[in-house]
Amino acid sequence: MFQERLKFFIIIVLAGIGLLIGRLAWLQLATGDRYDATIADLLQCPPEWIETDRGAIYDCTGRALALDIPSYQIQLRYDITRLYDKYFRRYQFLRFYRQQLKEGLSEARAEEAAAAFIDKNFGEPYLKAQQWLQELASICGAPIDRLLDDIAAINRNILRVRAYLARKRWYANHPELDYQSVTGLEGILEDLAAVIPDEYERLKLIFYGNAIEEMTIPQPVLDPLDRETALMVEQQFLGSFLPGSEKNRPILIGTGKVRNYPFNDLAGHLIGQVGPAPVEVTHPVRSRHPSPDELVAYYLGDRSGDWGVEYLFEPILRGSRGWIKRDIDGEIVEQIERRFGADVKLSIDIELHRAIQKIFAGENSNLQAYQGGAVVIDVPTGQVRALVSYPGFNLNSYYQADNYALLNGDDPERRKLNRTLSVNWQTGSTIKPAFLLGALHYGILNENTELDCNESNKDWSGYPSDINNHGPIAAREAVMRSCNYYFIRVAEKLGADRLTDWLTLMGFGHPILAWPDPVYQARAGTAFRETAGHIAPIGKRFPSKSELRFMGIGRGALDASVLQMANAAAMIARDGLFIAPHLVIEPATYPATRQLAEPAQARVVQNAMKAVIYDRLGTGYKAFHPMPWSKETVELMAKTGSTDFSLFVCIAKAADGRCLAVATLAESGLHGSEVAAPLTLDILRACAQLDYLPRPDLEP
């Protein structure tokens, strides 16, 4: 009997050993790779993300208009920012309150105990934080409210990510419910409140777990600092710790990058700005092994182009992060290289912008400052050399709270309203050369066709009423003397359909700037708000006969941007060849071109525009004499315009092939010949100083 039991026991032991050996073999063969990977993971340091390096923006001469420079930053840890998070404090209160109820306290006593708990654990740190923040704001010369706003933004961003993760986890545990995407912190909190009515359970889901990287990374506040202020902050808070947290300094000085605009208030409407990446496009968490898309993505604290060129070319300016994984010895085991942001080169000359801005600011022949703008186009290429809107603003101080409020008032979108690109203006008589070219193109008259302006005494009725009696008048004299009657009749002879077709071909009634790629074409509307203008009454396809009368003199249903006016002049200067104006050299832009009229027809218009400057009866003669250039050096063609504002378009064609088209608008009630024309002459002199035209034969 004993031997049988011993035998049975030995069999059981051998079977157990067999099972153990089998289990070990299975672990080695089936899951060995997984355990090896786990061990290898433990032998590696947390991955390191290498931040993007944003590309620069240059003008046509290679001067940097926007670039990143190193900076000092004030950084706050989450230990201090969370003291100002009402949701965090509410969670801590309810957590202790629930605990007291479980221990048998009444609701009133539990509430008192919870309040005492909050005061004991967070009251002293909060008071200490208040003192430090006041000192910090004083050192930096910033309002304490600005600092608190930055802290609120940090807390809000962190709460949004944690709430997002909590909601995602809750729905994963409740597959019977329909998960629908929501945007923004409010949307997430509203949905959680609907599915989890209990406030404590809802906040517990958010704050218990869901730790994210941004809670361990100090977050920047206020504006970048100079070195001296950074040293003052460092000295003031060296050795400062919150009670109960003596490991991590809550206030730090870190290094980072700031976007710098070397030319301050020049071309601000055009260059644009960078700001915090919109919350709706930021990713909630960084994965441990990111994909290429995740390295390009935005996370909390990232910046992106807000408007202008910075926004338009965000996809290439931004670049891509790098990623490094090291073992415990510091050796790289895996790496993804950082991709630097590409640079953008514009066609504008920032020094020409500077000169034109000074002219509008009062350094002009009238010795008076004017609001307005000017466009300068290089006629042979269609490249825009200047797109000046005055007054401007300093990009380096734009987002400072006081300055921002002063600039934008109650409408932050004012920053995008470039006077030369984004605002519609009545063209006034500057449109008359375009109408003349259209009439020649459609064959409804020739350069010698006379219209008797005195006929207005016999059969003219209605408006417009400002009709001068010039007698029988042909194309050259009609442009030179800006005869309203002549061009009202031209508009009527063209008719509504041909007139609107012709204006469309010349670039009116739709945005005309060319961009390197359709992707940027789609983004341009947000970046610049280029206006389309109007070539018919709003809501109508064609103007009526009475509306044609007003359109013939650039009033009523017809308006346009200053850029469109300049481009029409450039097309006439090219002997009827339309080239879409463009602002970008790199990446390369390939503008649309089309021949709209015969060169001989365009030259008829050119000769008429020359008379505006060179004939004593021309509306621009007085403003341009004495003439800066001999006719053999630089030939000038122009047209005045007078609406509620002063307008002037001009072509300057040098004998050596250099040629510019300029359109100038001054918000003055005086005639185009009195303000915009002298300003344009000053602009042409500035162009000559920068070698876009020959130097004047006769200095002022």
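Basis of the calculations
Numbering of residues starts from 1 in every chain and runs along the sequence as written. Predicted model: local features are reported for residues with pLDDT of at least 70 only, side-chain atom pairs are reported and counted for 80 or more only, and whole-chain, interface and lining totals are derived from all residues. Side-chain calculation: all heavy atoms of the structure are included, whereas hydrogens and water are not. Orientation is described by lines fitted to C-alpha atoms, with helices fitted over the stretch in contact, and by angles between N-to-C directions that extend from 0 to 180 degrees. We count a stretch as a helix when DSSP gives it H or I for four or more residues in a row; a strand needs E for two or more, and each element gets its number in order from the N terminus. Oblique is the label for every angle not falling under 35 degrees (roughly parallel), over 145 degrees (roughly antiparallel), or within 65 to 115 degrees (roughly perpendicular). The handedness criterion is simple: a crossing whose near helix is rotated anticlockwise from the far helix by less than a right angle is left-handed, and one whose near helix is rotated clockwise is right-handed. Residue contacts follow a heavy-atom distance rule, with two residues in contact if any of their heavy atoms lie within 4.5 Å. Under the scheme applied here, ten amino acids are nonpolar (Ala, Val, Leu, Ile, Met, Phe, Trp, Tyr, Cys and Pro), four are charged (Asp, Glu, Lys and Arg), and all others, including Gly, are polar. The disulfide definition used here is simple: a pair of cysteine sulfur atoms within 2.5 Å. Here the term buried applies to any residue with accessible area under 20% of the maximum for its type, exposed to any over 50%, and partly exposed to those in between, with areas from a 1.4 Å probe on protein chains only. The rule for a salt bridge is simple: a side-chain nitrogen of Lys or Arg has to be within 4 Å of a carboxyl oxygen of Asp or Glu. DSSP bridges decide pairing: two strands pair if at least two such bridges lie between them. Charge counting treats Lys and Arg as positive and Asp and Glu as negative, with His and both chain ends excluded. A residue's pLDDT is simply how confident the predictor is in it, with values from 0 to 100.

## Some thoughts on the packing of helix α4 (residues 86–102) against helix α5 (residues 107–140)
Alright, step 1. It is the contact of α4 with α5, at a shortest axis distance of 8 Å, that shows an interaxial angle of 140°. When the axes of α4 and α5 are compared, the pair comes out oblique. Crossing hand, α4 versus α5: right-handed. Contacts between α4 and α5 involve Phe88, Arg89, Gln92, Phe93, Arg95, Phe96, Tyr97, Gln100 and Leu101 from the former and Glu107, Ala110, Glu111, Ala113, Ala114, Ala115, Phe117, Ile118, Phe122 and Tyr126 from the latter.
Alright, step 2. For the contact of α4 with α5, the class distribution of residues is 13 nonpolar, 2 polar and 4 charged.

## Some details on the state of the cysteines
Alright, step 1. Enumeration over the complete set of coordinates arrives at 0 disulfides.
Alright, step 2. In this structure Cys659 is a free cysteine whose sulfur lies 9.5 Å from that of Cys650, the closest cysteine sulfur available.
Alright, step 3. Residue classification places Cys659 among the buried positions, given a relative accessible area of 6%.

## Here's the deal with the pattern of salt bridges
Alright, step 1. Inspection of every chain in the model, using the stated rule, returns 30 salt bridges.
Alright, step 2. The partner of Asp615 in a salt bridge is Arg476, with the nearest N and O atoms 3.6 Å apart. Of this pair, Asp615 sits in the loop between α23 (599–614) and α24 (621–624) while Arg476 sits in helix α18 (residues 475–480), and the two are 139 residues apart along the sequence.
Alright, step 3. The class for Arg476 is partly exposed, based on a relative accessible area of 44%.
Alright, step 4. Within this structure, Arg54, Asp68, Arg259, Arg303, Glu310 and Glu314 form a network of salt bridges that share partners.

## Remarks on the sheet that holds strand β11 (residues 372–378)
Alright, step 1. If you trace the 5 strands from one edge of the open sheet to the other, you get β12-β11-β22-β21-β20, paired in antiparallel fashion. Looking along the sheet, the strands with just one partner apiece sit at the ends: β12 (384–390) and β20 (634–642). Direction aside, the axes of adjacent strands within the sheet are offset by 10° on average.
Alright, step 2. α23 rests against β20 and β21 (646–654) of the sheet, and its axis sits at about 80° to β20.
Alright, step 3. Relative to strand β22 (residues 659–666), helix α25 (residues 676–689) is tilted by about 140°, and along the sheet it contacts β11, β20, β21 and β22.

## A closer look at the side chain of Arg385
Alright, step 1. The residue Arg385 is located in strand β12 in this model.
Alright, step 2. Of the side chains with opposite charge, Asp378 lies nearest to the buried Arg385, which makes no salt bridge, at 4.3 Å.
Alright, step 3. In this structure, Arg385 is in contact with Cys60, Ser347, Ile348, Asp349, Leu352, His353, Val376, Asp378 and Tyr692, ignoring residues within four places of it in sequence.

## A few points about the confidence of the model for the protein
Alright, step 1. Overall, the predicted model of the protein reaches an average pLDDT of 87, with 88% of residues at or above 70.
Alright, step 2. In the model, residues 401–412 has pLDDT below 50 throughout and makes 18 contacts with residues more than four positions away in sequence or in other chains.

## A closer look at the sheet that holds strand β8 (residues 322–326)
Alright, step 1. As summarised here, the arrangement of the 3 strands in space is β1-β8-β9, forming an open sheet in which the pairing is antiparallel. The open sheet terminates on both sides in strands that have one partner only, identified here as β1 (48–50) and β9 (332–336). When strand polarity is set aside, the average angle formed by the axes of neighbouring strands in this sheet is 15°.
Alright, step 2. Summarising the sheet, β1 and β8 pair through 3 bridges and their orientation is antiparallel. Residue Ile50 lies in a different strand from β8, and its bridge partner there is Gly322.

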